[in-house]
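Topology and contacts: notes
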Amino acid sequence: MDSGTNPPEPSQDTASLVQRLAGPSTGKAGLAKDQTEINRIIAEASKGSKFYENEKKKDKDLTERITRVLKQRDEALQGVDIQMERDLSQYIVHVDMDAFFANVELLYQPDLAGKPFGVGRGVLTTASYEARKYGVRSGMPGFIAEKLCPDLIFVPINWDRYAENSQKVMDVFRRYDPNMNAASIDEAYLNITAYCKDHNIGPEECVREMRAKVQEETNLTASAGIAPNKMLAKICSDKNKPNGQFYLSFDRKTIVTFMHDLPIRKIQGVGRVNERLLEAVGIKTCGDVFTHRAMLSLMDKQFGLDFLLKTYLGIASNVVQPGQREERKSVGSERTFKALSSKEKILQKLEEIALELEGDLNRLGFTGKTVTLKYKLDTYQVFTRARSFDRWISTKKEDLFATGKELLLPELPLTIRLIGLRVTKLKDLRASSPSGGIKRFFEPLNTSAQKRRKLLDDLEQSADLPVMELNQTEPEEAMPGFYEHDEADEELDMVVDNVEGEDHPLQIHATETTVVQTRPRPPVSAPARAFSSRQQNAEASTSSGSRGAVESRTATTSYITRASEAASRSRSAEPSIEAPLDTGATGTLQCPICTKTLETDNQGLNSHIDFCLSRGAIMAAQTKAKSPVKGFKSWGKKNSKSSHGKRKG
Ligand code: TTP
Ligand code: MG
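These notes cover the structure that comes with them. None of these values were measured; they are calculated from a predicted model. All residue numbers refer to position in the chain's written sequence, counted from 1. The order in which chains are written sets their letters, starting at A; the order in which ligands are written sets their numbers, starting at 1. Thresholds applied to this predicted model are a pLDDT of at least 70 for local features of residues and 80 or more for the giving and counting of side-chain atom pairs; totals over whole chains, interfaces and linings are not thresholded and use all residues. Only heavy atoms go into the side-chain values, all of them from the structure, while hydrogens and water stay out.

Take the overall build of the protein chain next. Strands are runs of DSSP state E lasting at least two residues, helices are runs of H or I lasting at least four, and both sets are numbered from the N terminus onward. Secondary structure summary: the protein chain contains 24 helices and 18 strands in total. Within the span of the protein chain, comprising 649 residues, buried residues form 51% of the whole. Of the contacts made within the protein chain by residues no fewer than 6 positions apart, 71% connect residues no fewer than 24 positions apart. Each accessible area is a Shrake-Rupley estimate made with a 1.4 Å probe; only the visible protein chains count as cover when residues are assessed. Carbon together with sulfur atoms contributes 52% to the accessible area of the protein chain, which is approximately 30000 Å² in total. Classification of residues uses two cut-offs on accessible area relative to the type maximum, computed with a 1.4 Å probe and protein chains only: under 20% is buried, over 50% is exposed, and between them is partly exposed. In what follows, residue pairs with any heavy atoms lying within 4.5 Å of each other are defined as contacts.

Note on ring pairs: Phe, Tyr and Trp rings are taken, using the six-membered ring of Trp, and paired if centres are within 6.5 Å. Classes follow the plane angle, with under 30 degrees stacked, over 60 edge-to-face and the rest tilted. Inspection of every chain in the model, using the stated rule, returns 10 aromatic pairs. Relative to Y312, the ring of F290 lies with its centre 5.1 Å away and its plane at 20°, an arrangement referred to as stacked. Taken as a pair, F290 in helix α14 (residues 286–291) and Y312 in helix α17 (residues 305–313) lie far apart in primary sequence, 22 residues in all. Relative accessible area serves as the criterion here: at 21%, F290 is assigned to the partly exposed category. Each ring, one from Y375 and one from F383, has its centre 5.6 Å from the other, and the planes form 35°; the classification is tilted. Each member of the pair, Y375 together with F383, is buried.

A few words on the sheet that holds strand β3 (residues 124–127). DSSP bridges decide pairing: two strands pair if at least two such bridges lie between them. The mixed open sheet is built from 3 strands, whose spatial order is β3-β2-β4. Since the sheet does not close on itself, it has two edges, and those belong to β3 and β4 (153–155), each with one partner. In this sheet, neighbouring strand axes are inclined to one another by 30° on average, regardless of whether the strands run parallel or antiparallel. Here strand β2 (residues 117–120) runs beside β4; their pairing, made up of 3 bridges, is parallel. For F117, the partnering residue across the bridge sits in β4 and is I153. Note on geometry: axes are C-alpha line fits, over the in-contact stretch for helices, and angles between N-to-C directions span 0 to 180 degrees. Strands in contact with helix α5 (residues 100–108) are β2, β3 and β4; relative to β2, the strand with the most contacts, it is inclined by about 100°.

Attention now goes to the coordination of the magnesium ion (ligand 2). Donor atoms: N, O and S within 2.8 Å of the metal, or within 3.2 Å for Na, K and Ca. Because water is excluded, sites can look incomplete. Here the magnesium ion (ligand 2) is held by the protein donor atoms D96 (OD), M97 (O) and D186 (OD), which lie 2.0 to 2.2 Å from it. Under the classification used here, a metal with four donors is tetrahedral if each angle lies between 85 and 135 degrees, square planar if opposite donors are over 155 degrees apart and the others between 65 and 115, a six-donor metal meeting that same test is octahedral, and anything else is irregular. Each of the 6 donor atoms bound to the magnesium ion (ligand 2) contributes to angles spanning 79 to 179°, and the resulting shape is octahedral.

Buried residues of nine kinds, namely Ala, Val, Leu, Ile, Met, Phe, Trp, Tyr and Cys, make up a nonpolar core once their side-chain atoms join them within 4.5 Å. Counting 39 residues, the largest nonpolar core has V93, V95, Y162, F173 and L190 as the members making the most contacts within it. It is helix α8 (residues 159–176) that contributes the most residues to this core, 8 residues altogether. Once residues lying within four places of it in the same chain are set aside, the contact partners of L190 are Y91, I92, V93, V95, F173, Y176, D177, M180, M210 and V320. Core analysis: the next-biggest nonpolar cluster, separate from the first, contains 32 residues, Y189, F307, L308 and Y312 among them.

We call a residue near a molecule or strand when any one of its heavy atoms sits within 4 Å of it. Around ligand 1 there are 16 residues in total, and D96, A99, T126, Y129 and R132 lie nearest to it. Residue D186 places a side-chain N or O atom 2.9 Å away from an oxygen atom belonging to ligand 1. Alone, ligand 1 offers 550 Å² of accessible surface; in the complex the protein occludes 88% of this. The set of elements that each furnish at least two residues to the shell around ligand 1 consists of β1 (92–97), α5, β3, α6 (129–132) and α20 (448–459). Here the shell around ligand 1 takes 3 residues from α20, the largest share from any one element. For the shell around ligand 1, the class distribution of residues is 6 nonpolar, 3 polar and 7 charged. The domain limits used here are those given by an automatic or database domain assignment. In terms of domain composition, the shell around ligand 1 takes at least three residues from each of domain 2 (92–247) and domain 4 (330–480). Polar contacts, as counted here, are pairs of nitrogen or oxygen atoms within 3.5 Å of one another; within protein the pair requires one atom able to donate a hydrogen and one able to accept it, and residues that are adjacent in sequence qualify only if both atoms are side-chain atoms. Under the grouping applied here, Gly and all other residues not named as nonpolar or charged are polar, the nonpolar ones being Ala, Val, Leu, Ile, Met, Phe, Trp, Tyr, Cys and Pro and the charged ones Asp, Glu, Lys and Arg.

As a further point, take the pairing of strand β6 (residues 187–191). Across the 5 residues that make up β6, a large majority, 5, are buried. Taking every second residue as pointing to the same face, both faces of β6 are buried, with E187, Y189 and N191 on one and A188 and L190 on the other. Pairing geometry for β1 and β6, over 5 bridges, is antiparallel. The partner of H94 across the bridge, within β6, is Y189. Where strand β5 (residues 181–184) meets β6, 3 bridges bridge the pair, whose relative direction is antiparallel.

On to the side chain of D96, then. With respect to the helices, strands and loops of the structure, D96 is situated in strand β1. A polar atom in the side chain of D96 sits 3.1 Å from the side chain of K241. Excluding residues that lie within four positions of it along the chain, D96 makes contacts with D186, E187, A222, S223 and K241.

Here the focus is the pattern of salt bridges. Should a side-chain nitrogen of Lys or Arg be within 4 Å of a carboxyl oxygen of Asp or Glu, the pair is scored as a salt bridge. One pass over the structure, following the stated rule, counts 21 salt bridges. Here D171 and R174 are joined by a salt bridge, their closest N and O atoms 3.2 Å apart. Remark: R174 and D171 occur in helix α8; sequence separation between them is 3 residues, near one turn of the helix. By relative accessible area, D171 is classed as partly exposed at 39%. Owing to a relative accessible area of 31%, R174 belongs among the partly exposed residues under this scheme. The residue E217 makes a salt bridge to R175 at a minimum N-O spacing of 2.8 Å. Of this pair, E217 sits in helix α10 (residues 203–218) while R175 sits in helix α8; the two residues are 42 residues apart in sequence, bridging distant segments of the chain. Overlapping salt bridges bring together D96, D98 and K241 as one network.

Moving on: unusual backbone geometry. Between K241 and P242 the backbone carries a cis peptide bond, its omega angle lying at -10°. The backbone of N200 sits at a positive phi, close to 50°, despite the residue not being glycine. Along the chain, N200 falls in the loop between α9 (193–199) and α10. Judged by its relative accessible area of 70%, N200 is exposed. A positive phi is found at N243, a non-glycine position, where the angle reads about 55°. Checked against the element boundaries, N243 lands in the loop between α11 (230–237) and β8 (245–247).

As structure tokens, then:
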């Protein structure tokens, strides 16, 4: 450093040092406005002293630290650390059967070919691709599907057929990867790296061959995605549906480009709730995550920067393995019915649930420490009451019923439309048995779609479930903080609401097979009716009860919020679409639900219909005109019945 009288040339380094030497009180009141010259004089006067040298060192250390922090910040925001996790060495495949239940039905009823049909009654499990052109889709209540496509043929569910064909399909998949992960009845993840190496073929050829084998052996078509990880493979399997495959090049640039314009909703774990939340902060596509990375880093807790950056970069797990029993977090059973107020009838339902739960716990080989009672009021608010024990509970119906009753009685009188019991804090009673001895079971885990499948299965009261093992497909990482409301519940509500009759003719039993999410639920609201102060603790409050038990209560109101939002939309004009919609072609299309005119293609229209078909919208429509739903009037004209299947009663 220059030791002459002239001040050193100002530079980034010296400027910070000069500032530092000026001391901590440079902001004091009454000082000259421009401190530059004063600071320079102080720096000059201090020069050469030990104090100066020490301050110089400290300034240098701080400057270096700042440089490191800035580098870390930049790397974090660019996802540099995350990029290190990118592994492009494995060929991961997601394969998904096309219109599975529908195409299986076609095997048995070939005259359905080319016709619009749906499988199911109250709620459709799936629809043929012809029916999809009208907006008819899985999870849609039959009465809505019929409005969208008056010629729709309703085919009853034949669960045994799907299970049998699923087994055949999975057997083919297993030849390509013995460790494949059967993610649901018609889809699986595979790692075909070893197979490709052993057979000296490329991944695309391998998958083409596998799909051809499936078709040869089952007469069913499958679509597949090939990518470096499960998330990407799943997105890709949808790209060329039906009967197609999509290969995503295994290079970073292609992957990031692929992700850039992808709607965030396409990501597993981002449902309607998270989609709306992200949209509210400007994130519609995965590319938007990068644009808003600074904001997201500030809101890490709410949005999960790591998950979103990985998503943006197309980084996810490439570990494919069969599902583990340990992943199970709960076993439960619930029933939806027409609203009930009578104590006797409610208790009768509870007893039935306890019996089903006993069966499920024994079948699956679990016990647990916590019993949770769930009920849904006629206002659609959902509450839970739980009791935890310091011992493994008895899985006998009488004991489960007794605990459920203990939790329920203080709540009465109530008017409820759903009651359920669930056991958590599980113990695997078969944990010590050799793996070959484990009775294989058919139990979709975790995702709401899978839950829905089981719900629908029960809804249709089909035969006992055949033996098959399905595995967890919940994304291994997900957005924290926000609870995706289970849309299956809404669909069932819709169906129950549409069943005429004074009594409760439709009773839906759903064996709960979900893995309880570890992410927190949304803020909860106070229950509609007055509770004691202990009970008013909306967030799973705890207090010691008798026998060392812990009680909790939660309430969710997402139904209500959404219903009121949707109800505020107007739908006065008459719909005008009668003909099937062209897939792919963009044009002016009118939404049959809200009657809005849209510049979109068939896919866009379907997404819009999905949105419009929120429970609230239907409820509002029903209130306006009991039957037929107002706004659907012009579609009610044709009413073709089919010999192939039943129409909703
Ligand atoms: P999906 O693979 O989601 O649908 P799909 O096979 O019918 O059609 P795609 O060509 O789009 O893959 O589901 C597989 C089967 O699971 C489906 O045929 C019926 C059943 N299912 C339900 O029962 N309820 C549901 O909500 C969904 C989504 C599927
Ligand atoms: Mg499918």
